[in-house]
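# Summary of the model geometry
One letter stands for each residue in the lines below.
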Amino acid sequence: MRFRAKIVDLACLNHFSRIINTIAKLAKTCILRLTVCKLYFILSDKVANGGASMWCELSQGNFFDEFQMEGVAAEHNEIYLELVPENLSRALKTAQSAKAVKIKLTNKHCPCLRVAVELPSLSSSSRIVTHDIPVGVIPRRMWNDFKEPSVPDFDVSIYLPVLKTMKSVVERMKNLSNFIVIEANLSGEMNLKIETDLVSVTTHFKDLGNPPWASEDGCQSSTQGRDLESMAEACIDIKKLQQLLAGQQVNPTKALCNIVRKRIVHFILLHEEVSLQYFIPAIA
């Protein structure tokens, strides 16, 4: 099992660093899955226990100048590592003006991801700062626990409003309640609501638009006969939503959410070569 990679391009490095930062805000520990073409960051808190889950995938070719890996076996050419993303984020913070960053899987006293940051210096020799990040190697028999979450049949799919706006609304509401109701319909309308014994507050968003797949079910049966005005709603933990919005350092080119009535809210954030999915289960 071997892995080594190198980033030289500064823009790619900073972009990668921002993605890791976002992930560190969403997950205390996560699984890093390495394949020949892609990297995946996976958080699978069991949704049944009310935990959120995350699936972030990026194409290595868009970030790394060199990328070599040998998986556990020829027919399973993948590596699964458990790590604390905050540690990786800290290591990359030292790399903001680096000439190059090398990442390598090592095993001296325990398995580690070694991040070697080559910094420019005034003399001819460069300075190298090394961080060893402990990782756990996930055995092959447990890989099935980290499959891509299946997207349940949703009642409504809608584009999100500008995330900054949404974030400031949610931050204000967070002071009033622990729960927030997200509701949306197939006419591009979405409401964020909180209701307590003392106060009820609703913010309305209009003209958001619904993704094309909302009506393209092969036979377009999904919206036929459905009331486009009727709202599908789910009540979720407001802290989890706030975490998602506060952690966003990658400005997505597309952001949308799918609501399964009273079951789950599924967020999808797309940015060129990165996709982040985040699932927040509804509270009964």
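Note that residues are indexed from 1 along each chain, following the sequence as it is written. Per-residue local features of the predicted model are confined to residues with pLDDT of at least 70, and side-chain atom pairs are confined, for both listing and counting, to 80 or more; whole-chain, interface and lining totals are unaffected and use all residues. Neither water nor hydrogens contribute to the side-chain values; these are computed over all heavy atoms in the structure.

## Here's the deal with helix H4 (residues 238–246)
All buried positions along H4 are accounted for by Ile238, Lys240, Leu241, Gln242, Leu244 and Leu245. Throughout this description, a polar contact denotes any pair of N or O atoms lying within 3.5 Å of each other; where both atoms belong to protein, one of them has to be capable of donating a hydrogen while the other can accept it, and for residues adjacent in sequence the pair is counted only when both atoms sit in side chains. Working definition: helices are DSSP H or I runs of at least four residues, strands are E runs of at least two. Numbering for both runs from the N terminus. The N-terminus of H4 is capped by Asp237, whose side-chain oxygen sits 2.8 Å from the backbone nitrogen of Lys239. Accessibility here uses a 1.4 Å probe with only protein chains present; expressed as a share of the type maximum, an area under 20% marks a residue as buried, one over 50% as exposed, and anything in between as partly exposed.

## What about the domain arrangement of the protein?
By a widespread convention, an interface's size corresponds to the accessible area lost as its parts come together. When its domains are assigned, the protein resolves into domain 1 (2–145) and domain 2 (156–216 + 227–281). Note that domain bounds follow an automatic or database assignment of domains. The straight-line distance from the C-alpha centre of domain 1 to that of domain 2 is 29 Å. The term buried area denotes the loss of accessible surface (1.4 Å probe radius) that occurs when two parts are joined, taken as the sum for both partners. Each partner contributes to the roughly 1700 Å² buried at the junction of domain 1 and domain 2, and carbon and sulfur atoms together form 60% of this total. Interface area lost by domain 1 to domain 2 is led by Thr22, Lys25 and Leu26, which between them contribute 29%. We define a salt bridge as a side-chain nitrogen of Lys or Arg found within 4 Å of a carboxyl oxygen belonging to Asp or Glu. The tally of links from domain 1 across to domain 2 stands at zero salt bridges. For the pair domain 1 and domain 2, the interface holds five residue pairs in polar contact (both at pLDDT 80 or more). Its residues assigned to classes, the side of domain 1 that touches domain 2 shows nine nonpolar, eight polar and three charged. Residues are grouped as follows: nonpolar covers Ala, Val, Leu, Ile, Met, Phe, Trp, Tyr, Cys and Pro; charged covers Asp, Glu, Lys and Arg; every other residue, Gly included, is treated as polar.

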